[in-house]
Amino acid sequence: MSATAFKSYRPPVIEPSEEGDELLEVAMGPHHPSTHGVFRMDVALDGERVVKLKPVFGYLHRNHEKIAETASYLAAMPYTDRLDYFCSLTNNWAYALAVEKLAGLEVPERAQYIRVITAELTRIQNHASAIGFLLQEMGASGTPLMYAFREREKILDLFEELTGSRMMCNYMRFGGCRVELPKGWLEKVKTVVDGLPQFIDETEALLTGNEILMARSQGVGVLKPDLAVNAGITGPMLRAAGVNYDIRKVDHYGIYDRFKFRVPLGDHGDIYDRYMIRVLEARESVEILKQALKDVPAGPIMDPKSKIRGFRPKVGEAYGRIEAPKGELGFYLISDGTGNPYRYRVRPPSLINLTVLEDMCLGQNVADVVLIFGSVDIVLGEVDR
Amino acid sequence: MLGEGMLKGLAETAKNFAGSFVSKERMTTVQYPEERIAPIENTRDFPFLVYDGSDAMAGLRCVACQICEKECPPKCIYIVKSTDKKPDFVGKMQIYPTRFDIDISVCMSCQICVEVCPFEAIKMDTEFELSTTDRFGGLLYDREQLSKSNEHYHKIHPTEAAEVDARLAEEKAKAEAKAKAAAEAAAAKAAAAAAAALPKEAPAKEPGA
Amino acid sequence: MKTAEEILAAIKLALPEAGVELVLNPSPSAQHSLRLDPAHAVAVASFLRDDTELALDYCSNATGVDWPSKEVTEKVKVAKVADGVETQVEETVKRVEPGYLEAVYHLFSMKHAHREITGPVVLRMRTVNRTDRVELPSLTPVWRSVEFQEREIFDLFGIVFTGHPDLRRILMWDGFEDHPMRRDYVDPDDYEYEPTPHDEVLKRAEAHKAGVVA
């Protein structure tokens, strides 16, 4: 990959097809049933083809970073639930990981196992919902979505029993987990996990060979691997483009080294590959869960050195990241020795994955823009913070 | 053959459709509000203050230490400490909150106030049908609205309430044992002091006998 | 992955005129950073990306930090002449350390991801001050991933990135003035009803009510 490859990285300008044709500018505006939240795309069309696309967001900007600067480290934890509101437990883990790097805390074994189990359950329910929403945008009127939500309800009931809340879990703490597992929870998880392969099989029987899905998604929204790497794309989008980069394997965080799981890679980088990668990753998560549930050790769930109130890490900074279901979720913290962070930064995977939205949509039909956007799988809470 | 994938998919949908008549697994809709699912025990919605006994203000466990007010992330708790002391449930003189307001339109049910309370005085309720038509102040709960009895706590969170009661009883027993030991030590010291004073008097009495 | 010192040595070897210095990080994470001077930043960044050993082809995070100016009091020994005798007198001197804005970049290598456990390579760049000299070179031509993030730094902190293809506000609306993430940002006075105001919020709510009613 040479330096000259990116001298002219701006997407090529496509001229209108006929003489005297004007471009139609459409705002696929914040009120839209398929934009996964309040998100706007200013699209310039030549007939049906997209000539220019500018994403506009910030409608859900709550300045989470400034809130966390005025609140203490502990008080910022419930706000991380609300970043990617589908996957609150992985957001909590990413923040706890960054603080543990900053303060040098150790996490006991049992807490590590609980973190892995909750993170993989989160990943499965996120991928199932993402596939459901993608199919809904394709016109499947909600059937795959409702089947996915049926499974998701079982997982959310497990979270409610463990943490008290279905989505805003606020469960991880610096040095471990907040509360001990309730009696019988692991058996319930095992029952749900035993039913998951059948659910994924049913979803695949419904969708994978479906000719409409294949016609609409194969060859659409192609992303090449070197552009993906340079544009900082992570998560299923990157692996669908063919780049082998999964932070669980690269950073060896938590105890993922103990579990045998594969990382699926795609060949073409189109929407169909992203759909298949999500299905295959859900299967691999089931494998991880089966292995993790076998030997959860007894023991403490918090580091004895960590404090709940009055937590003051030493001066310094740290960047901690995990493989969230949407990509690389990172937290950058600068501490000045007081109880509040001096600088708190969330590296949002959904925002960075949108960098190449224009590149993928150029030359496609406007109907495909909605699909391409759906295959990026964003959550506005994370894009805008 | 063309359309094979779609036919397989339709078979899947038919299985779900037919199955929804026979199995609860396939038909998961619950006709709320006529039917309700049993709430999960650990669920949390908004906080409430626990009191022991039957009189809310006399048995309130809260001593207005204001730790929950400081740790609350959106700062929805407002406490005013009392200037006098009042006997609490066991009879000890304690400071109490004259005002304890929680704005539940701001509260985000994060449960940090419960986690940091050192006196087991604030716990999470499970009530969520709380809508009101009063826009200004209808969702501002004051001390009387927030106080609920320990029996209510046992009803909504039986395991947790049993643990809390066990912990409080243990602390009480430890405090009593410490008080008893201190009293015994003081009595022993007083007896020793009295015994040390006696022999000086005895020789003075004996020659008189 | 190489340590920060080794990378510093490699940069100095390839680009001897680039001003790069090591900034130590006292926390247990030991993620030290390299401070670049703005004139050679793009050259250093291109070297880091294209070098076959380092291959730092993935810029994961770009963010800004605001360091406001602070007053420092220190004791200084001053020579004073009194009655013809020169004595050393200690005086307390107050001076103002100028503030600056900072842009921080975290780099990883996807090409060499499976070699060993890697920590991020952290780059920093500082502006001259916080008021008028706030330009920094944009690293978007080197790593496309920082395109939206530099727009966000411009929007929330006010650093102007020269060479950025499309520098405009991203999260706040286009007509917005001021930069929200700065330490001295004051919220606009657009109060709604607040049932439980106390401390800071109470003062401002009372000021607002006085302004509205009077």
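What you see is a predicted model; the values in this text were computed from it and never measured. (Residues numbered from 1 in each chain as written. Chains lettered and ligands numbered in written order. Predicted model: local features only at pLDDT ≥ 70, side-chain atom pairs only at ≥ 80, totals over all residues. Heavy atoms only, no water.)

Peer 1: Hey, could you run me through the overall build of chain C in this one?
Peer 2: The secondary structure content of chain C amounts to four helices and nine strands. Residues classed as buried in chain C amount to 47% of the 214 residues present. Sequence-distant contacts, at least 24 apart, represent 55% of the contacts inside chain C between residues at least 6 apart. For chain C, the computed accessible surface area is about 10900 Å², with 54% contributed by carbon and sulfur atoms. (Helix = DSSP H or I, 4+ residues; strand = E, 2+ residues; numbered from the N terminus. Buried < 20%, exposed > 50% of the residue type's maximum accessible area, 1.4 Å probe, protein only. Contact = heavy atoms within 4.5 Å. Areas by Shrake-Rupley, 256 points an atom, 1.4 Å probe, with all protein chains shown as cover.)

Peer 1: Explanation requested: the overall build of chain B in the structure shown.
Peer 2: Scanning chain B from terminus to terminus reveals seven helices and eight strands. Here chain B has a C-alpha radius of gyration of 30 Å; the compact-globule value for 209 residues is 17 Å, and the former is much larger. For chain B, the C-alpha atoms occupy an extent of roughly 130 × 45 × 30 Å along the three principal directions. Burial status across chain B gives 34% buried among its 209 residues. In chain B, once contacts between residues fewer than 6 apart in sequence are set aside, the share between residues at least 24 apart is 67%. By element, 61% of the accessible surface of chain B is carried by carbon and sulfur atoms, the whole surface being about 13000 Å². A distance of 5 Å separates the average location of the 27 positive side-chain charges in chain B from that of its 33 negative side-chain charges. (Rg over C-alpha atoms; globule rule 2.2 N^0.38 Å. Lys, Arg positive; Asp, Glu negative; His and termini not counted. Charge placed at Lys NZ, Arg CZ, Asp CG, Glu CD.)

Peer 1: Can you walk me through the sheet that holds strand β2 (residues 33–36) of chain C in this structure?
Peer 2: The strands making up a sheet are joined through hydrogen bonds of the backbone, oriented either antiparallel or parallel. Residues and elements named next belong to chain C. Strands sit in the order β1-β2-β7-β6-β3 across an open sheet of five strands; the sheet is mixed. With partners counted over all chains shown, the strands left at the sheet margins are β1 (20–23) and β3 (58–67), one partner each. Neighbour to neighbour, the strand axes of the sheet diverge by 25° on average, direction disregarded. Across the sheet, helix α3 (residues 146–156) touches β3 and β6 (100–108), and the angle it forms with β3 is around 5°. (Pairing = 2+ DSSP bridges. Axes fitted to C-alpha atoms, helices over the stretch in contact; angles between N-to-C directions.)

Peer 1: I'm lost on the environment of Asn92 of chain A in this one. Help?
Peer 2: All names here are of chain A. By the secondary structure assignment, Asn92 is in helix α3 (residues 88–103). Separated by 23 residues in sequence, Asn92 and Arg115 have C-alpha atoms that sit 9.8 Å apart. When sequence neighbours within four positions are dropped, the list of residues in contact with Asn92 reads Met77, Thr80, Asp81, Cys169, Asn170, Tyr171 and Met172.

Peer 1: Mind showing me how you'd approach a nonpolar patch on the surface here?
Peer 2: Together, Met1, Leu7 and Leu10 of chain B give the surface a local cluster of nonpolar side chains, amounting to about 360 Å² of exposed area. Examined against the element boundaries, Leu10 of chain B turns out to sit in helix α1 (residues 4–22). (Patch = residues over 30% accessible without salt bridge, like charges linked within 9 Å, V, L, I, M, F, W, Y side chains within 5 Å. Salt bridge = Lys/Arg side-chain N within 4 Å of Asp/Glu carboxyl O.)

Peer 1: Sorry, what's going on with the sheet that holds strand β1 (residues 24–28) of chain A here?
Peer 2: Residues and elements named next belong to chain A. Reading across from one edge, β1-β2-β3 is the order of the three strands in this open sheet, with antiparallel pairing throughout. Strands at the two margins of the open sheet, each flanked by one partner only, are β1 and β3 (49–56). Here the strands of the sheet are splayed against their neighbours by 20° on average, with no regard to which way each runs. In terms of strand pairing, β1 meets strand β2 (residues 40–46) through five bridges, oriented antiparallel. Residue pairing across strands places Met28 opposite Met41, the latter belonging to β2.

Peer 1: I keep staring at the packing of α3 of chain A against helix α4 (residues 109–140) of chain A and nothing clicks. Help me out?
Peer 2: Relative orientation and spacing of two packed helices are given, respectively, by the angle between their axes and the distance between those axes. Residues and elements named next belong to chain A. The interhelical angle for the contact between α3 and α4, taken along N-to-C directions, is 140°, at an axis separation of 9 Å. Judged by the angle between their axes, α3 and α4 are oblique. Contacts between α3 and α4 pair Leu89, Thr90, Trp93, Ala96 and Glu100 from the former with Arg115, Val116, Thr118, Ala119 and Thr122 from the latter. In terms of residue class, the contact of α3 with α4 is made up of five nonpolar, three polar and two charged. (Parallel < 35°, antiparallel > 145°, perpendicular 65-115°, else oblique. Nonpolar A, V, L, I, M, F, W, Y, C, P; charged D, E, K, R; others polar.)

Peer 1: Explain helix α14 (residues 366–376) of chain A to me, please; I cannot follow it from the model alone.
Peer 2: The periodicity of an α-helix, 3.6 residues per turn, causes residues three or four places apart in sequence to face the same way. All names here are of chain A. Most of α14 sits inside the fold, with nine of its eleven residues counted as buried. Inspection of α14 places Asp368, Val369, Val370, Leu371, Ile372, Phe373, Gly374, Ser375 and Val376 among the buried residues, and these make up the whole buried set. Positive phi shows up at Asp377, right after α14, with a value of about 60°.

Peer 1: Help me understand the nonpolar core, please; the structure alone is not making it clear to me.
Peer 2: What tends to happen in soluble globular proteins is that the nonpolar side chains get buried as a cluster. Formed by 170 residues in total, the largest nonpolar core has its most connected members in Phe57, Tyr95, Tyr245, Leu354 and Leu357 of chain A together with Leu48 and Tyr105 of chain C. If one sorts the elements of this core by residue count, α4 of chain A sits on top with 13 residues. The contact partners of Leu48 of chain C, leaving out residues within four places of it in the chain, are Ile7, Ile11, Leu54, Ala55, Leu56, Leu107 and Leu123 of chain C. Among the nonpolar cores identified, the runner-up in size contains 23 residues, and Leu49, Tyr51, Phe100 and Cys113 of chain B belong to it. (Core = buried A, V, L, I, M, F, W, Y, C linked by side-chain atoms within 4.5 Å.)

Peer 1: In this structure, what is going on with the interface of chain A and chain B? I would like to understand it.
Peer 2: Between chain A and chain B, the contact holds 32 residues from the first and 30 residues from the second. Both faces combined, the contact of chain A with chain B buries some 2600 Å², and carbon together with sulfur accounts for 50% of it. A per-residue breakdown of the area chain A buries against chain B is headed by Arg150, Glu211 and Arg309 of chain A, which together make up 23% of the total. Two residues, Glu71 of chain B and Arg309 of chain A, come together in a salt bridge whose shortest N-O distance is 3.3 Å. Applying the counting rule to chain A against chain B returns 19 residue pairs in polar contact (both at pLDDT 80 or more). Elements with a minimum of two residues in the side of chain A that touches chain B: α2 (73–81), α5 (143–163), α6 (185–207) and α7 (211–217) of chain A. Top element by residues in the side of chain A that touches chain B is α5 of chain A. It accounts for eight residues. Residues belonging to the side of chain A that touches chain B are distributed by class as follows: twelve nonpolar, nine polar and eleven charged. (Buried area = accessible area lost by both parts, 1.4 Å probe. Polar contact = N/O pair within 3.5 Å; in protein donor to acceptor, adjacent residues only side chain to side chain.)

Peer 1: Looking at this model, I keep getting lost on the interface of chain C and chain A. Mind explaining?
Peer 2: A common way to express how large an interface is: the accessible area buried when the components associate. Tallying the contact residues gives 55 residues for chain C and 54 residues for chain A. Across the chain C/chain A interface, buried area totals approximately 4500 Å², and carbon plus sulfur atoms make up 54% of it. Its largest share of buried area at the contact with chain A, chain C owes to Met110, Arg144 and Phe148 of chain C, together 17% of the area lost on that side. Inspection of the chain C/chain A interface yields five salt bridges. Note that Glu152 of chain C is salt-bridged to Arg385 of chain A, the shortest N-O span being 2.9 Å. At the junction of chain C with chain A, the criterion picks out 29 residue pairs in polar contact (both at pLDDT 80 or more). No other element matches the nine residues that β3 of chain C contributes to the side of chain C that touches chain A.

Peer 1: What am I meant to see in the pattern of salt bridges here?
Peer 2: Two side chains carrying opposite charge are able to pair once their charged atoms lie near each other. A complete count under the given rule lists 55 salt bridges over all chains for this structure. Among the salt bridges present, the one from Arg82 of chain A reaches Asp81 of chain A, with a minimum N-O distance of 3.9 Å. Among the residues examined, Asp81 of chain A registers a relative accessible area of 0% and is labelled buried. One salt bridge connects Asp66 of chain C with Arg130 of chain C, and the closest N-O pair in it is separated by 2.7 Å. One end of the pair, Asp66 of chain C, is in strand β3; the other, Arg130 of chain C, is in the loop between β7 (121–126) and β8 (135–137), and 64 residues separate them in sequence. Here Asp66 of chain C and Arg130 of chain C have matching classes, each one buried. Connected through shared salt-bridge partners, Glu65, Arg343, Arg345 and Arg385 of chain A together with Glu152 of chain C make up one network.

Peer 1: Please clarify how unusual backbone geometry should be interpreted in this entry.
Peer 2: Negative phi is the rule for most residues except glycine; trans is the rule for most peptide bonds. All names here are of chain B. Omega for the peptide link from Tyr32 to Pro33 comes to 0°, which places this bond in the cis form. Within the fold, Pro33 resides in the loop between α1 and β1 (47–51). Notably, Glu120 is not glycine yet its phi reads approximately 55°, a positive angle. Summarising the element assignment, Glu120 is placed in the loop between α4 (112–116) and β6 (122–124). Residue Glu120 is classed as buried on the basis of its relative accessible area, which comes to 10%.

Peer 1: I keep staring at the confidence of the model for chain C and nothing clicks. Help me out?
Peer 2: Interpretation of the predicted coordinates at a detailed level should be avoided for regions scoring low in pLDDT. Residue and element names in this part refer to chain C. Across chain C, the average pLDDT comes to 82, with 87% of residues at 70 or higher. Per-element averaging of pLDDT across chain C places helix α4 (residues 200–213) at the bottom with 71 and α3 at the top with 92. Two summary scores accompany this predicted model of the complex, namely pTM at 0.90 and ipTM at 0.87. (pLDDT = per-residue confidence, 0-100.)

Peer 1: Honestly, the packing of aromatic side chains in this entry has me stumped. Any pointers?
Peer 2: Residue and element names in this part refer to chain A. The tally for this structure, following the rule as stated, stands at 25 aromatic pairs over all chains. Plain terms: the ring middles of Tyr253 and Tyr256 are 5.4 Å apart, the flat faces sit at 70° to each other, and that makes the pair edge-to-face. Taking the relative accessible area as the measure of exposure, Tyr253 reaches 7% and is therefore buried. Given a relative accessible area of 2%, Tyr256 falls into the buried group. Residues Phe331 and Tyr344 carry aromatic rings whose centres are separated by 5.7 Å and whose planes lie at 70° to one another, so their mutual orientation is edge-to-face. Linking Phe331 in strand β7 (residues 327–335) with Tyr344 in strand β8 (residues 341–347), this pair joins segments that are 13 residues apart in sequence. The exposure class assigned to Phe331 is buried, which follows from its relative accessible area of 0%. (Phe/Tyr/Trp six-rings, centres within 6.5 Å; stacked < 30°, edge-to-face > 60°.)

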